[in-house]
Amino acid sequence: MSARITMMGCQIDNLTMEETLQKVEGFIQSGHPHQHVVVNVGKLVKAERDAELRRIINDCALINADGMPVVWASRLLGKPLKERVAGVDLFEALMRRSADKQWRVYLLGAREEVVSEVKRLYELKYPGLTVVGYRNGYWSAEEEPGVVAQITEARADLLFVAISSPKKEHFLGQYQGQMKIPFAMGVGGTFDVAVGRVKRAPVWMQKSGLEWFYRFLQEPRRMFRRYFIEDMGFIRLFIKEALRR
């Protein structure tokens, strides 16, 4: 398997989806805790401003590129990534494999009605899937130790965390060693996609790098600032890195 590349201050594993799944299987077999993260345009921009987020990303055992602009930028910068490994696709593949391998899954995040529906739907979709626990993504600072204890006691093999960035990265960075889950992955809004609350872009839009635009069309007021203001910092980061070559 290929080594990591470093781009815009963040490391990224140069892996295909199948190579990523093989790595995850090795993590679970080891029994030791490993943290996963995906990087996209927004996360690279956030990581430049947030040194702790950047440290957490670079310390992760597995880092995938989720976003065609990141893959295109890697090629233009002379360190081409093999392919995009989208978090939502990796989640789906791991839920299917968890049923096949009898891995224990914990679901954390989103609203109560959403996370409970993810559990129900995927237990129907993949007979044999074992969801050992689930919890919504809303808790106070005082409740957090209890949330961590609840997850630890479930003794899951995989933990999927559907809360926003950078909160999920900081949460896992702080508690993954304590929870001792072999594979913990932040999945952002994936639970909403899984239950149909948010529609996934057509495949041609995913491949052409327009998935973000499809997402914007569904919630323009909510997504305008993210895509048209905050994420524009990616262009500056790309130019800065290109000039260093």
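The preceding data block contains the structure.
Let me sum up the structure you'll find in this document. (Residues numbered from 1 in each chain as written. Predicted model: local features only at pLDDT ≥ 70, side-chain atom pairs only at ≥ 80, totals over all residues. Heavy atoms only, no water.)

### As for the pattern of salt bridges
Here is step 1: The final tally for this structure, using the stated rule, is 18 salt bridges.
Here is step 2: A salt bridge links E92 to K125, with the shortest nitrogen-to-oxygen separation between them at 2.7 Å. In this pair, E92 is assigned in helix α5 (residues 87–101) and K125 in helix α6 (residues 112–125), connecting sequence segments 33 residues apart.
Here is step 3: The exposure class assigned to E92 is buried, which follows from its relative accessible area of 19%.
Here is step 4: Taken together, the shared-partner salt bridges connect E18, E25, R97 and K101 into one network. (Salt bridge = Lys/Arg side-chain N within 4 Å of Asp/Glu carboxyl O. Helix = DSSP H or I, 4+ residues; strand = E, 2+ residues; numbered from the N terminus. Buried < 20%, exposed > 50% of the residue type's maximum accessible area, 1.4 Å probe, protein only.)

### Things to note about the pairing of strand β5 (residues 104–109)
Here is step 1: β5 sits mainly inside the fold: five of its six residues count as buried.
Here is step 2: Here β5 pairs with strand β6 (residues 130–135) via five bridges, running parallel. Note on β6: the bridge partner recorded for L107 is Y134.
Here is step 3: Viewed along the sheet, the connection from β5 through α6 into β6 turns out right-handed. (Pairing = 2+ DSSP bridges. Right-handed = clockwise from strand over helix to strand, strands pointing away.)

### Section: the nonpolar core
Here is step 1: Membership of the largest hydrophobic core comes to 32 residues, with the highest contact counts inside it found for F91, L94, M95, L107, F160, F183 and F191.
Here is step 2: Among the secondary structure elements, those contributing two or more residues to this core are α1 (17–30), α5, β5, α6, β7 (158–162) and β8 (183–186).
Here is step 3: Considering every element that reaches this core, the biggest residue donor is α5, with six residues.
Here is step 4: Once you skip the residues sitting within four places of it in the chain, F183 turns out to touch V24, F27, I28, H34, H36, L62, L94, D157, L158, L159 and Q176. (Core = buried A, V, L, I, M, F, W, Y, C linked by side-chain atoms within 4.5 Å. Contact = heavy atoms within 4.5 Å.)

### So, the sheet that holds strand β3 (residues 35–39)
Here is step 1: Spatially, the six strands line up as an open sheet ordered β4-β3-β8-β7-β5-β6, and their pairing is parallel. Pairing within the sheet leaves two strands with one partner each, and these edge strands are β4 (62–65) and β6. Ignoring strand direction, the axes of neighbouring strands in this sheet form an average angle of 20°.
Here is step 2: Sheet topology note: the β7/β8 ladder contains four bridges and is parallel. The residue bridging L159 from the neighbouring strand is A184, located in β8.
Here is step 3: Its contacts with the sheet put helix α7 (residues 144–154) on β5, β6 and β7, and the angle it makes with β5 is roughly 165°. (Axes fitted to C-alpha atoms, helices over the stretch in contact; angles between N-to-C directions.)

### What about the packing of helix α3 (residues 51–59) against helix α8 (residues 167–179)?
Here is step 1: Relative to each other, α3 and α8 sit at 60°, their axes nearing to 10 Å. As α3 runs across α8, the sense of the crossing is left-handed. Residues E52, L53 and I56 of α3 pack against E169, H170 and G173 of α8.
Here is step 2: Looking at the contact of α3 with α8, its residues break down into two nonpolar, two polar and two charged. (Left-handed = near helix turned anticlockwise from the far one by under 90°. Nonpolar A, V, L, I, M, F, W, Y, C, P; charged D, E, K, R; others polar.)

### Brief notes about unusual backbone geometry
Here is step 1: In this model, S165 is joined to P166 through a cis peptide bond whose omega is 0°.
Here is step 2: Along the chain, P166 falls in the loop between β7 and α8.
Here is step 3: At M8, a residue that is not glycine, the phi angle is positive and equals roughly 55°.
Here is step 4: On the secondary structure map, M8 appears in the loop between β1 (4–7) and β2 (10–13).
Here is step 5: By relative accessible area, M8 is classed as buried at 8%.
Here is step 6: Despite not being glycine, A110 shows a phi value in the positive range, around 65°.
Here is step 7: As for its placement among the helices and strands, A110 is situated in the loop between β5 and α6.
Here is step 8: Under the relative-accessibility criterion, A110 is labelled buried at 13%.

### Digging into a nonpolar patch on the surface
Here is step 1: On the surface, a cluster of nonpolar side chains totalling about 570 Å² of accessible area is made up of W204, L210, W212, F213, L217 and F228.
Here is step 2: Broken down by element, the residue count for the nonpolar patch peaks at three residues, all from helix α11 (residues 211–218).
Here is step 3: Relative to the assigned elements, W204 resides in helix α10 (residues 203–207).
Here is step 4: The exposed category is assigned to W204, whose relative accessible area is 57%. (Patch = residues over 30% accessible without salt bridge, like charges linked within 9 Å, V, L, I, M, F, W, Y side chains within 5 Å. Areas by Shrake-Rupley, 256 points an atom, 1.4 Å probe, with all protein chains shown as cover.)

### A word on the layout of surface pockets
Here is step 1: Of the voids in this model, the second largest pocket is the one considered here, and its volume is about 220 Å³.
Here is step 2: Contributing to the lining of the second largest pocket are 13 residues, with M68, R84, D89, Q206 and K207 lying nearest its centre.
Here is step 3: Where the lining of the second largest pocket is concerned, the elements lending two or more residues are α4 (68–76) and α10.
Here is step 4: Across the lining of the second largest pocket, the residue classes break down as six nonpolar, one polar and six charged. (1 Å grid on protein atoms, 1.4 Å probe; cavity = no way out; pocket = protein on both sides within 12 Å on 5 of 7 lines; lining within 4 Å. Points joined across faces, edges and corners; volume = space filled by probe spheres on them.)

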